[in-house]
Amino acid sequence: MDFDLHYAEAFATCAGFVQALLAVLLWRHHHLQPRWGLRWVAMAMACSAGINLSAHYLITPFLPQGTFIRAPQPVSLFLFFSGFACLAALVVGLRAYTGRQRLRGRYEFLLLWPVLMLVVLLTIRPFPLAGDLSSVSVFLYCAWLVAQAARTERQANHPLLCAVLCVQPITLALLLGAGVQVALARYFAALPFTLIGVALLSITLNRLRDSLARELAARTAADAALQQQQQQMLATLEAEVERRTAQLQAAQQELRVSEQRLRAVLDTTGDGIWDWDIRQGSMYNNARWAEMFGYPAQEGQHQVSVFIEHLHPDERAGVQAAIEHSLASGASYCHEHRMRKCDGSIIWVHDRGDVTERDASGQPLRMIGSVADITERKLASLALAQAKADADASNRELQQALNHLKQTQEHLLQSEKLAALGGLVAGVAHELNTPIGNTLTTASTMLDHVREMTRASEGGTLRKTQLNAFLANSREAAELIQRNADRASHLIASFKQVAVDQTSMLRRRFRLATVVHDAISMVALNHKRQPIDIDIDVADSIELDSFPGPLEQTLANLLQNAAIYGLLGREHLRISVRARPDPQQPDSHVLLEFADDGAGMSAETAQRAFDPFFTTRFGQGGSGLGLYIVYNLIHGALGGDITLDTAPDAGTRFTLTLPLYGPEPQNSSN
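All of these numbers come straight from a predicted model, not from anything done at the bench. Sequence order as written defines residue numbering, which begins from 1 separately in each chain. Only residues with pLDDT of 70 or above have their local features reported here, since the model is predicted, and side-chain atom pairs are shown and tallied only from 80 upward, although totals for entire chains, interfaces and linings are computed over all residues. Excluding hydrogens and water, the side-chain figures rest on all heavy atoms present in the structure.

Let's talk about the nonpolar core
Next, step 1: Definition of nonpolar core: a set of buried residues of the types Ala, Val, Leu, Ile, Met, Phe, Trp, Tyr and Cys, connected through side-chain atoms within 4.5 Å. The buried label goes to any residue with under 20% of its type's maximum accessible area, the exposed label to any with over 50%, and the partly exposed label to all in between, with areas taken from a 1.4 Å probe on protein chains only. Within the largest apolar cluster, 39 residues are counted, with the highest numbers of intra-cluster contacts made by Leu 512, Leu 551, Phe 594, Phe 654 and Leu 658.
Next, step 2: Under the DSSP-based scheme used, a helix requires at least four consecutive residues in state H or I and a strand at least two consecutive residues in state E, with every element numbered from the N terminus. Of all elements in the fold, only helix 15 (512-524), helix 16 (548-565), strand 10 (573-581), strand 11 (589-596), helix 18 (626-635) and strand 13 (652-659) reach the threshold of two or more residues within this core.
Next, step 3: Ignoring sequence-local partners within four residues, the contact set of Leu 551 consists of Phe 510, Leu 512, Val 515, Leu 592, Leu 638 and Leu 658.
Next, step 4: Counting 19 residues, the second-largest nonpolar core is a separate cluster that includes Met 283, Met 292, Ile 323 and Met 367. Only heavy atoms matter for contacts: two residues are in contact if any of them lie within 4.5 Å across the pair.

Written out as structure tokens, the structure reads:
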């Protein structure tokens, strides 16, 4: 071995010691920043240190005078694996150091290490320097990574590391270019790798110092902010304490005022207060409670048995049940009952209370309430209930009397209808007397003439003149009998129709003029001898689909009322009955006016004209139900309306508003 090889070996050994020291230092700083990948760089330094320190034993003895190592197979494999593990660890560490790591470090190392070895194995035969070229590529790649990191982190002195990474390829190239043997060039290439460790350690220390400075500044700022926040919180707490203190003082003042007000209210209302200690069985009472039951007016403490003794015997079970329900369910206790005072007198009280305290298991411990003397109110309530019961009995009696009165009223209405029908029968009978009498007289005379003609015919004395006279008399008698029979038949037919209509509620379509004429003519028979003129003006074109019976009853009552009251103090009475379509609703209603020029009514009489049993001639034939029946028939069966216009000595006018189509009957049996 010549001098140059020993010099290179000594140089590599010194570099190995420095690299080992750097590996230790980098490994120790790894714990400060685990994400920087310093442990991988430390591993790379450790592998390089191992190779350089073992050069005297593993590399130099096997170097011939040529260029390449001719070592046994195990030594070659050790150097091969160690060298490329160093390069792979350096790449992984610098990727993590510059923030380029995408996978976990161990995965990148296990992926990169065999790739480098495979590339070299595939290219070593055509290119003997393939391993050196691979290391140059690795260093240049690492320099590129550091250069990229220098753009974002300018204060970390990354350019120095980038320059140092470029020294190794440059050094190797210069040595080989100067004709130095490959082995010697590789020995001297250990210096740039050592410089990489030194630069990386220096930059790491700078980065740590900057990081610590930033953390210190952040902590200082955080401490200042925290101190300021604590001061603000302290000031806030002091203000809150002052506010709460003021509120507490105000609440205490309000509580004192509220207690005074409550005491004043209790004294004013006169309620007694009790406080029951359920576990001890004792009860506190105020002065009003003691005074209420005849004790001296002072506060006191007594057993709950005293309260039970004051209960009325008939009330004890109910009161105890109400209290037990309140204790079990938590509902408010409220009860009205009788209690006995010390002197034996009985009072009514309104007792109420609530459970205010319970133990952990929910059992009641304390109950507070009040008691009020309601004797006067309770006695008044009982008296009121008795009065109400008496009033209900009186109301039932009055209802029975009212029902009886309604039945009597219905009987009177029926009697009024029958009386009107009886008057109608009497008038018709009187009218039938004349035609029937004339018919009977004519028939008797004709019978005498027939007998004379029979005797003359049998005696042979019948003459032509006598026969002609008999025929002429017979013709006149027959005509007279026919006329009287027709008149009687017409009277009977009209009476039959009117009687059927007035005694039933049959609905039919009819001419208004026909019903008016029939009703007026039938009723007018009873007043034939009175100075009454009746003028009827009803068009034949007006037809109604309604109930003619109530309408005929209405007209009969109006005519009867006019005949009774209209002739008072007068010698003559004129009645007019007119019908015309309603101007406001001509297609559905008709106006029927019944007017007279009689004595009229006063305002007071007109207001009560339609009231039942109201009449100005009571005891003189007036029942007081005529116009009342008219009002009910118009508003009920006929579904119309009636108005009255009258004044003293100015006559009376009834205006009936009738629908052309009457309402449906509510009860067909009527």
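Once you've had a look at it, read on.
Some points on the packing of helix 15 against helix 16
Next, step 1: Where helix 15 meets helix 16, the axes come as close as 9 Å, and the angle between the chain directions of the two elements is 45°. Taken together, helix 15 and helix 16 sit at an angle that is classed as oblique. Once helix 15 is placed against helix 16, the crossing between them reads as right-handed. Taking contact as the criterion, the partners of Leu 512, Val 515, Val 516, Ala 519, Ile 520, Val 523 and Ala 524 in helix 15 are, on helix 16, Pro 548, Leu 551, Glu 552, Leu 555, Ala 556 and Leu 559.
Next, step 2: For the contact of helix 15 with helix 16, the class distribution of residues is 12 nonpolar, no polar and 1 charged. Angles here are taken between N-to-C directions and fall from 0 to 180 degrees, while the axes themselves are lines fitted to C-alpha atoms, restricted in helices to the stretch in contact. For this classification, under 35 degrees means roughly parallel, over 145 means roughly antiparallel, 65 to 115 means roughly perpendicular, and everything else is oblique. Note on convention: near helix rotated counterclockwise from far helix by under a right angle means a left-handed crossing. Clockwise means right-handed. Only Asp, Glu, Lys and Arg are considered charged in this grouping, and only Ala, Val, Leu, Ile, Met, Phe, Trp, Tyr, Cys and Pro are considered nonpolar; every other residue, Gly among them, is considered polar.

Regarding the pattern of salt bridges
Next, step 1: One side-chain nitrogen of Lys or Arg within 4 Å of one carboxyl oxygen of Asp or Glu is enough to make a salt bridge. Tallied over the full model, the rule gives 17 salt bridges.
Next, step 2: Close ionic contact of Asp 314 with Arg 338 constitutes a salt bridge, the shortest N to O distance being 3.9 Å. Residue Asp 314 is located in the loop between helix 11 (304-310) and helix 12 (316-329), and its partner Arg 338 is located in strand 4 (residues 333-340); the two are separated by 24 residues in the primary sequence.
Next, step 3: Several salt bridges share partner residues, and in doing so they unite Asp 535, Asp 537, Arg 574 and Arg 578 into one network.

Some thoughts on the sheet that holds strand 2 (residues 282-285)
Next, step 1: Strands were regarded as paired on the criterion that DSSP finds at least two bridges between them. Reading across the sheet, the 6 strands line up as 3-2-1-6-5-4 and stay open at both edges, with antiparallel pairing between neighbours. With one partner strand each, in any of the chains shown, strand 3 (300-303) and strand 4 form the two edges of the open sheet. With direction set aside, neighbouring strand axes in the sheet form an average angle of 25°.
Next, step 2: By the bridge criterion, 6 bridges tie strand 1 (residues 272-277) to strand 6 (residues 364-373) in an arrangement that is antiparallel. Bridge pairing in strand 6 links Trp 276 to Met 367.

Re the side chain of Ser 282
Next, step 1: Of note, Ser 282 is situated in strand 2.
Next, step 2: Of the residues examined, Ser 282 reaches a relative accessible area of 12% and is grouped as buried.

Focus on the packing of aromatic side chains
Next, step 1: Each Phe, Tyr or Trp ring, with Trp reduced to its six-membered ring, pairs with another whose centre is within 6.5 Å; inter-plane angles below 30 degrees give stacked pairs, above 60 give edge-to-face pairs, and intermediate values give tilted ones. Enumeration according to the criterion identifies 3 aromatic pairs in this entry.
Next, step 2: Taken together, a centroid distance of 4.8 Å and an interplanar angle of 50° make the contact between Trp 289 and Phe 293 tilted. Take Trp 289 and Phe 293: they sit in the same class, and that class is buried.
Next, step 3: Geometrically, the ring pair formed by Phe 610 and Tyr 631 is tilted, given 5.3 Å between the ring centres and 45° between the ring planes. One end of the pair, Phe 610, is in the loop between helix 17 (603-607) and helix 18; the other, Tyr 631, is in helix 18, and 21 residues separate them in sequence.
Next, step 4: The buried category is assigned to Phe 610, whose relative accessible area is 16%.
Next, step 5: Residue Tyr 631 is classed as partly exposed on the basis of its relative accessible area, which comes to 33%.
Next, step 6: One aromatic cluster is present, built from ring pairs that chain together Phe 610, Tyr 631 and Phe 654.

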